[in-house]
Amino acid sequence: MDRFSFLEDLQRRVSALLEHTPAGDLQRNMKALLTQQFAQLDLVTREEFDTQAQVLARTRAKLEALEKRLAELEAGPPKQ
């Protein structure tokens, strides 16, 4: 049995042992409480955040291009 298998087996056994103790109850209750609290917050996933950041970057680039074009039009036709 390699070192990682031993550690995984030990973790499974300790988790199974704790599952039926007050510590296991505390863990389940804490997880439920935190899940409920996070649900009440206005949070987004990292994926949603990254997607919106990309949309914002594209929008900014378009805005800059439009501002540049508007400045050119306001300047009038090129003088010859």
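Please read all numbers here as calculations on a predicted model, not as lab measurements.

Enquirer: Honestly, helix α3 (residues 46-75) in this entry has me stumped. Any pointers?
Expert: Residue pairs spaced three or four apart in an α-helix point in one direction, given the helix's 3.6 residues per turn. Look at α3: 43 Å from first C-alpha to last across 30 residues, which is about the 44 Å you get at 1.5 Å a residue. Of the residues one or two after α3, Gly76 is the one with positive phi, at around 95°.

Enquirer: Explanation requested: the pattern of salt bridges in the structure shown.
Expert: Should the charged atoms of two oppositely charged side chains come close, the side chains can pair. Summed over all chains, the structure comprises five salt bridges. Between Arg28 and Asp25 there is a salt bridge, and its shortest N-O distance comes to 2.3 Å. Within this pair, Arg28 and its partner Asp25 are both found in helix α2 (residues 22-40), separated by three residues, close to a single helical turn. A residue is classified by how much of its surface remains accessible, and Arg28, at 43% relative accessible area, is partly exposed. When the shortest N-O distance is used, the salt bridge between Asp50 and Arg46 registers 3.2 Å. Taken together, the residues Asp50 and Arg46, both in helix α3 and four residues apart, mark about one turn of the helix.

Enquirer: Quick question: what am I supposed to make of the environment of Glu48 here?
Expert: Its location among the elements puts Glu48 in helix α3. C-alpha of Glu48 to C-alpha of Pro77: the two residues are 29 residues apart in sequence and 44 Å apart in space.

Enquirer: Sorry, what's going on with the confidence of the model for the protein here?
Expert: Parts of the model with low pLDDT should not have their predicted coordinates read in detail. On average, residues of the protein score 86 in pLDDT, and 96% of them are at 70 or above. By mean pLDDT, helix α1 (residues 3-19) is the weakest element of the protein at 80, and α3 is the strongest at 96.

Enquirer: Honestly, a nonpolar patch on the surface in this entry has me stumped. Any pointers?
Expert: There is a patch of nonpolar side chains on the surface, built from Leu26, Met30, Leu33, Leu34, Phe38, Leu41 and Leu43 and spanning about 690 Å² of accessible area. Secondary-structure assignment places Leu34 in helix α2. A relative accessible area of 39% means that Leu34 is categorised as partly exposed.

Here is what the cut-offs are and how they apply
Residues numbered from 1 in each chain as written. Predicted model: local features only at pLDDT ≥ 70, side-chain atom pairs only at ≥ 80, totals over all residues. Heavy atoms only, no water. Helix = DSSP H or I, 4+ residues; strand = E, 2+ residues; numbered from the N terminus. Expected span 1.5 Å × (residues − 1). Salt bridge = Lys/Arg side-chain N within 4 Å of Asp/Glu carboxyl O. Buried < 20%, exposed > 50% of the residue type's maximum accessible area, 1.4 Å probe, protein only. pLDDT = per-residue confidence, 0-100. Patch = residues over 30% accessible without salt bridge, like charges linked within 9 Å, V, L, I, M, F, W, Y side chains within 5 Å. Areas by Shrake-Rupley, 256 points an atom, 1.4 Å probe, with all protein chains shown as cover.

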